[in-house]
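# Coordinate inspection notes
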Amino acid sequence: MKLYDFAMAPNPKKVRVYLAEKGISLPLEPVNIAAGESRTPEFLKKNPLGGVPVLELDDGSYLTESLVIIEYLEELHPTPPMIGTSPLERARVRELERIAELGILQRVGTIFQNTSPFFAGRVKQSADAAETARNQLNTALKVLDARIGNHPFVAGDRPTIADCTLLAALEFAEFGQVALDPSCTNVARWLRDFKQRPSAQA
Ligand SMILES: N[C@@H](CCC(=O)N[C@@H](CS)C(=O)NCC(=O)O)C(=O)O
């Protein structure tokens, strides 16, 4: 297996943090998406949607979508469990992971695209779209802040895939200079602590 990767992008980051937390070693092949390398005819054969990460399997086929890649690896390597151990625990972890992805990472992406000078001229920017996303981001952040509470990790006492996604999302916010609601102190404390883990450097 081999993972097509780009160091600066949040979706590959999620997968690398997961790999590091699990102690799984995979060859990484860099694809410079900023230079258009994920849009070449050759790469589009691997992922017609033109994004990374992509997992190349031993049979020469490709698996796309960061969460699906993580869940596939989790089935191959169930220990230590990173999606919980009971049906309800697994549902709770997935619930939090979805909030981190859809409520935080995607909203940060929308704000970044609609405000960053990098995207001016590349996409039609909309201040309204950025403002709507900012409100949605703040709502999701408050939900996560309450759920994290005093716990060391997003879903409780041990790291899960929700931590992997939230770290990638919040580092993306830092990169895109998207401000986070300062009243979300549990999220801020979680971020400070999680960044101390070796996996955060992956
Ligand atoms: N839903 C996909 C999104 C993949 C994606 O959009 N990746 C971005 C990096 S975070 C990318 O490669 N963008 C470059 C492009 O689309 O050309 C996933 O979770 O893997």
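Conventions adopted
Residues numbered from 1 in each chain as written. Predicted model: local features only at pLDDT ≥ 70, side-chain atom pairs only at ≥ 80, totals over all residues. Heavy atoms only, no water. Near = heavy atom within 4 Å. Polar contact = N/O pair within 3.5 Å; in protein donor to acceptor, adjacent residues only side chain to side chain. Areas by Shrake-Rupley, 256 points an atom, 1.4 Å probe, with all protein chains shown as cover. Helix = DSSP H or I, 4+ residues; strand = E, 2+ residues; numbered from the N terminus. Nonpolar A, V, L, I, M, F, W, Y, C, P; charged D, E, K, R; others polar. Salt bridge = Lys/Arg side-chain N within 4 Å of Asp/Glu carboxyl O. Buried < 20%, exposed > 50% of the residue type's maximum accessible area, 1.4 Å probe, protein only. Expected span 1.5 Å × (residues − 1). Contact = heavy atoms within 4.5 Å. Domains from an automatic or database assignment. Buried area = accessible area lost by both parts, 1.4 Å probe.

The next point concerns the site of the ligand. Inspection of the region around the ligand gives 13 residues, with R39, G50, V52, E65 and S66 positioned closest. Between the ligand and the protein, one listed contact pairs an oxygen atom with a side-chain N or O atom of N11 at 3.3 Å. One of the side-chain N or O atoms of R39 is found 2.7 Å from an oxygen atom in the ligand. Out of a free accessible area of 510 Å², the ligand has 72% covered by protein chains. Sorting elements by how many residues they give to the shell around the ligand places helix α1 (residues 10-22) first, with 3 residues. Residues of the shell around the ligand, tallied by class, amount to 6 nonpolar, 5 polar and 2 charged.

Okay, the pattern of salt bridges next. Inspection of the entire model under this criterion finds 14 salt bridges. K2 is the salt-bridge partner of E29, the closest N and O atoms lying 2.8 Å from each other. A residue pair is termed long-range when its members are at least 10 positions apart, and E29 in strand β2 (residues 28-30) and K2 in strand β1 (residues 2-5) qualify at 27 residues. K2 sits in the partly exposed class, given a relative accessible area of 24%. When the shortest N-O distance is used, the salt bridge between E21 and R197 registers 2.8 Å. Residue E21 is located in helix α1, and its partner R197 is located in the segment after α7 (185-194); the two are separated by 176 residues in the primary sequence. Among the residues examined, E21 registers a relative accessible area of 15% and is labelled buried. By relative accessible area, which is 27% here, R197 ends up partly exposed. Beyond isolated ion pairs, a larger network of salt bridges with shared partners links K14, E97, R98 and E101.

Taking 1.5 Å as the rise per residue, α1 with 13 residues should run 18 Å; its terminal C-alpha atoms sit 18 Å apart, in good agreement. In terms of residue burial, α1 counts as a mostly covered element, since 11 of its 13 residues are buried. Considering only its buried residues, α1 is in contact with β1, β2, α3 (66-76), α4 (87-115), α6 (161-175) and α7. Downstream of α1 by a residue or two, G23 has a phi angle that is positive, lying close to 75 degrees.

Right, let's get into unusual backbone geometry. Cis geometry marks the peptide bond from V52 to P53; its omega dihedral reads 10 degrees. Here the amide bond leading from T79 into P80 is cis, since omega sits at -10 degrees, within 30 degrees of zero. Unlike most non-glycine residues, E65 shows phi in positive territory, near 80 degrees. With respect to the helices and strands, the residue E65 is situated in the loop between β4 (62-64) and α3. Phi is positive for Q177, close to 55 degrees, though the residue is something other than glycine. Here Q177 falls in the exposed class, since its relative accessible area comes to 74%.

Along the chain, the position of K124 falls in the loop between α4 and α5 (127-148). K124 sits 99 residues away from S25 along the chain, and the two C-alpha atoms are 40 Å apart.

Now for the domain arrangement of the protein. Per the domain assignment, the segments making up the protein are domain 1 (2-76) and domain 2 (87-201). Just the C-alpha atoms count here: the centres of domain 1 and domain 2 sit 21 Å apart. At the interface, 12 residues of domain 1 touch 19 residues of domain 2. Interface area, domain 1 with domain 2, both sides summed: about 1300 Å², of which 65% is carbon and sulfur. At the surface where domain 1 touches domain 2, the tally comes to 6 residue pairs in polar contact (both at pLDDT 80 or more). Of all the secondary-structure elements, those providing two or more residues to the side of domain 1 that touches domain 2 are α1 and α3. Here the element with the most residues in the side of domain 1 that touches domain 2 is α1; it accounts for 8 residues. Across the side of domain 1 that touches domain 2, the residue classes break down as 7 nonpolar, 1 polar and 4 charged.

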